[in-house]
Structure formats: structure tokens, C-alpha cells
Amino acid sequence: MVKKLFLTILTLFLLYHSTKAQYEDFETWYNLTIKGEINKKWTYSLEPELRFFENAGQLSNWQTEFSLSYDLPKKFDVGGIYRYAVNYEKQNYNRRIHRFAIFVKYQLKTGHFKWRYRGQLQNEWVNYNTSADGQINYMGHRHKFALKYDDKDWYFEPSMGIEYYFSLMPAKDVGEWKQRYYVTVEKKINKRTSAKVSYRRQSDFNVAEPDLVNVLFVGIEYKPKFLKHKKKNKK
């Protein structure tokens, strides 16, 4: 009964989220996540990633993201992120992007379901004075809601979620926002390695020429032996 309910919710989720756009594209993202625990309170992750656009035929950007997270009571985590990315979508120059962010996470498990929320405040600098955009920092906040079904009898672990981004700076972008939703299947390969495949759909709102991007995400997660990732028992 629970399995049928989850699959029904997943189907309705896919059918409901559709939008019209000025431009539509298909992209592929390839991700490697290395993660673990430094100690009982601090966790880390390192994520190099390649993205291809123009129907997955041209390199869009490569990026590396590093994050640290601190375990708080009552199922909360707080942390910070630094991301360096090089974007090739502009014809005249490559955009080098530095992103700094702070976040808070909350997670709750009820039966086979895992509920998660992440709120993030971020700031980006583009090209550091090598272009007109380099004089402006881009600030905004993100909110991500996720639901995962965890059942040992299933061959894989399905999940779905939705994420919103709202622009705060510069002034010309205030009022613009983005929506991204996804469905994912994840399979554990061994004790330290798992693989996931995800379909993501991203839309722009309150912009003159909204984009609609369909993404096939393929990822590998690895937990090194020298820094083992341990399960948290939160009170």
C-alpha cells in the first residue's frame, strides 16, 4: 500500500509540473561526490561536476564544490559552501564564478519516509573585475524540499524534491525566481559507493525570456575509508 502511494505521488508530481518557455534545452550533468565525517560533529563533501548543454552536445561548465557541515541537536545541521565554476555559455568570454554560501538543514524520518529541508543564502562573484559583470555580486536564497522512500526490500531508493531560488541582488534581478524539481533513483553498489540517476526540470519566472531546462543527472557517491562516514543518531 505504501509503495503504491509513493508511486502515485511521484506520477502526479511529474504531471503537475509543466511550464511554457521561450527557450528549451536538454542537458546532462555528471557528478562525483566524495563525503565523510571528520569527527562526530563535522562532515565534509567534495563534488567535481561536468555539465553539457545544447542538447548535451557542448560543454556548459565545470565546477568543484566543497562543503562543511556541523551537527546540531534536534535534527538540524548548519554549514558553509564554496564553489568554483567556469561557464562556457557566453560566446565572448568564459565566466569564472565564485560562490559562497551558508545553509541550515532539517531532516525527519517517519516510517520508510525521510523528509528533508535545506535553506541557503548565497553570494556569487563573476570574473573578479575582468568583465562588466565582475563588478556586481549576485545574491539570493534557495529552499529545497525532498522526500525519500527507504525500504530494504526495494532494489533501489527513490526520491523526489523541489527547489526554489529567489534573487536579492543586483536590483535589476529582484523579483526573478527559479524552480527546479527532480525525481531520483539511487542504488548502493557496496559499503562505500552508490550510484544515482535523476531527471531534473528547471524553469525561470518573472523574466523577459524564460528558459526551460531538462536535465539528466548521473552521479557516483564515494565514502573514503580513511575518513569513514558514520550514521548520526540524533535526539
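Relevant structure appears above.
Everything numeric here is computed off the predicted structure, so don't read it as measured data.

1. Considering a positive patch on the surface
Here's step 1: A contiguous patch of positive charge on the surface is contributed by K188, K191, R192 and K225.
Here's step 2: In this fold, R192 is placed in the loop between β9 (177-188) and β10 (193-205).

2. Concerning the packing of aromatic side chains
Here's step 1: All chains considered together, the criterion is met by 15 aromatic pairs.
Here's step 2: Relative to F156, the ring of W154 has its centre 6.2 Å away and its plane inclined at 70°; by these criteria the two rings are edge-to-face.
Here's step 3: A residue is classified by how much of its surface remains accessible, and W154, at 15% relative accessible area, is buried.
Here's step 4: A residue is classified by how much of its surface remains accessible, and F156, at 34% relative accessible area, is partly exposed.
Here's step 5: Measuring from centroid to centroid gives 6.0 Å for F166 and W177, while their planes differ by 20°, and the two rings are stacked. Of the two residues, F166 is situated in strand β8 (residues 157-169) and W177 in strand β9; the sequence distance between them amounts to 11 residues.
Here's step 6: According to the relative accessible area criterion, F166 is partly exposed, its value standing at 29%.
Here's step 7: Taking the relative accessible area as the measure of exposure, W177 reaches 23% and is therefore partly exposed.
Here's step 8: An aromatic cluster of three or more residues is present, and its members are F113, W115, Y149, W154 and F156.

3. Here's the deal with the pairing of β9
Here's step 1: Summarising the sheet, β8 and β9 pair through 10 bridges and their orientation is antiparallel. Bridging from a neighbouring strand, I162 pairs with Y181 of β9.
Here's step 2: Note that β9 and β10 share 12 bridges and pair antiparallel. Counterpart to R180 in the pairing with β10 is Q202.
Here's step 3: The turn joining β9 and β10, which pair antiparallel and follow one another in sequence, is formed by four residues.

Cut-offs applied
- Residues numbered from 1 in each chain as written.
- Predicted model: local features only at pLDDT ≥ 70, side-chain atom pairs only at ≥ 80, totals over all residues.
- Heavy atoms only, no water.
- Patch = residues over 30% accessible without salt bridge, like charges linked within 9 Å, V, L, I, M, F, W, Y side chains within 5 Å.
- Areas by Shrake-Rupley, 256 points an atom, 1.4 Å probe, with all protein chains shown as cover.
- Salt bridge = Lys/Arg side-chain N within 4 Å of Asp/Glu carboxyl O.
- Lys, Arg positive; Asp, Glu negative; His and termini not counted.
- Charge placed at Lys NZ, Arg CZ, Asp CG, Glu CD.
- Helix = DSSP H or I, 4+ residues; strand = E, 2+ residues; numbered from the N terminus.
- Phe/Tyr/Trp six-rings, centres within 6.5 Å; stacked < 30°, edge-to-face > 60°.
- Buried < 20%, exposed > 50% of the residue type's maximum accessible area, 1.4 Å probe, protein only.
- Pairing = 2+ DSSP bridges.

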